[in-house]
Amino acid sequence: MPILEKYRHYFDIDPDYFPAVNEAVINSKPEMWKKFFPHDTFVRLVKNTVSVLDRKQKLSIWVEGAYGTGKSHAVLTLKKLLDASEAETKEYFEKYHLDNDLGNNLQRIKNSGKILTVHRYGSSSLHGDQDLVLAIQESIDHAFVLAGMENKGSDSLKESVIRYLSDPENKKSFGIYVEGSYSDLFGGDTVDDIISKLRSYSDAALHALMEKIFKVARERQIKAFTMSTRDLADWIKETIKINNLKAIVFIWDEFTEYFYNNTRNLTGFQELIEISETDPFYFILVTHVSTGLFSDRDQDFIKLNGRFVNPHCQISLPENIAFQLMGAAMEKNSDPEVLQDFLSIPHRKNWKQSLPHIRRWSLYSCRSTMQTGKIRQSSQKPATKLPENTANR
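Residues numbered from 1 in each chain as written. Predicted model: local features only at pLDDT ≥ 70, side-chain atom pairs only at ≥ 80, totals over all residues. Heavy atoms only, no water.

Novice: Residue-level account of the pairing of strand 2 (residues 61-64), with values.
Specialist: A regular strand carries its side chains on alternate faces of the sheet. Every second residue of strand 2 is oriented toward a common face, with Ile 61 and Val 63 on one face and Trp 62 and Glu 64 on the other, all of them buried. In this sheet, strand 6 (residues 313-314) lies alongside strand 2 in parallel orientation, the contact comprising two bridges. By the bridge assignment for strand 6, Glu 64 is matched with Gln 314. (Buried < 20%, exposed > 50% of the residue type's maximum accessible area, 1.4 Å probe, protein only. Helix = DSSP H or I, 4+ residues; strand = E, 2+ residues; numbered from the N terminus. Pairing = 2+ DSSP bridges.)

Written out as structure tokens, the structure reads:
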């Protein structure tokens, strides 16, 4: 058997390898996060998170990077590390030979109190403070459910609306609008229908329904349906205190479009970012490169940017990352016959004669990995003819 054929059989690709990973993939495969390779920029993100949670920097974190650099995978892995048991955390750090002091500090912080981690994806539907308030409250409430905890704090805005509409007198008065001049807006729904949908809807559907309710509230001066960003800030502080939380870490992926939609309306968001000065509530925003979002002289951006760890956490992939990713994804074949066959390769003449071809094949595979994000499966035979530009390099 040719030497390269022996290599092909000696290595197997991790069957759980995915060229692109998102929340759905990680949730469907709970152990997937443990296979994320912690490159230098990810380690820097972990260090910043530890510093922030230790209150050495009372700031939030801004993660940015170009398309395809693995920002989403990185922050999802960070969330899993914050949620993981002590044994799982230690296992991850030992597997990738990460700094023991960093791992010990992270675990010390986790042992000192419950950290509620929140993950939200996308921001294109947010236009103004009311949408922002609803999205944050909804996400925090959902995080409590996922963590198996009861939020002992006061009602969120959605719950306040449900409670208001469930009161017989309020239901009757609001029903006059819903079944009268606003019947087309609500598609013929009754107040009971609206309450039922409020309890079952989430994400875009919930936002659309709440926006209809807010429209009636604005036009008919129903003050019970409003909550400012300052009110939300107070709600978050109360939630942390009454639930005895160490911190709330709010990871918001794909936040770029919020800035596009609200470039000249950042005051409310500023109020929420400033919570970290006094209370352990931290955003981890994920965007594309921030330099294209604002002018360097934009005073709102300068003020906003001052509330984040400086410099921003740039997720990037060094040129040699393909070799590291391949190493993390490749596993030795456990078949003893294959192992014995591999060990029978001559160690002198034939080995040295094959080195140039092996080197060319490795370069070709790694460049293909960098360009496509995919690794050639071990069941596939190597290309019979390598691209000419890989030779003699």
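Novice: Kindly report on the confidence of the model for the protein chain, identifying the contributing residues and their values.
Specialist: Across the protein chain, the average pLDDT comes to 82, with 75% of residues at or above 70. By mean pLDDT, the top-scoring element of the protein chain is helix 6 (residues 100-111) (98), and the lowest-scoring one is helix 18 (residues 349-372) (49). (pLDDT = per-residue confidence, 0-100.)

Novice: Account for helix 9 (residues 168-178), naming residues and giving values.
Specialist: Where helix 9 is concerned, the buried positions are Asn 170, Phe 174, Gly 175 and Val 178. Viewed along the axis of helix 9, the buried residues span an arc of 135°, placing them on a single side of the element. Seen from the buried face of helix 9, the exposed residues on the opposite side, beyond 90 degrees, are Pro 168, Glu 169, Lys 172 and Ile 176. Buried residues belonging to helix 9 abut helix 8 (157-166), helix 10 (191-200) and helix 11 (203-220). Sitting at the amino-terminal end of helix 9 is Asp 167, which places a side-chain oxygen 3.2 Å from the backbone nitrogen of Glu 169. (Arc of directions from axis to C-beta. Contact = heavy atoms within 4.5 Å. Polar contact = N/O pair within 3.5 Å; in protein donor to acceptor, adjacent residues only side chain to side chain.)

Novice: Would you mind going over the side chain of Glu 138 in detail, with residue names and values included?
Specialist: Secondary-structure assignment places Glu 138 in helix 7 (residues 129-146). Residue class for Glu 138 comes out buried when judged on its relative accessible area of 16%. For Glu 138, the residues in contact, after removing those within four places along its chain, are Arg 120, Ser 202, Asp 203, Leu 206 and His 207.

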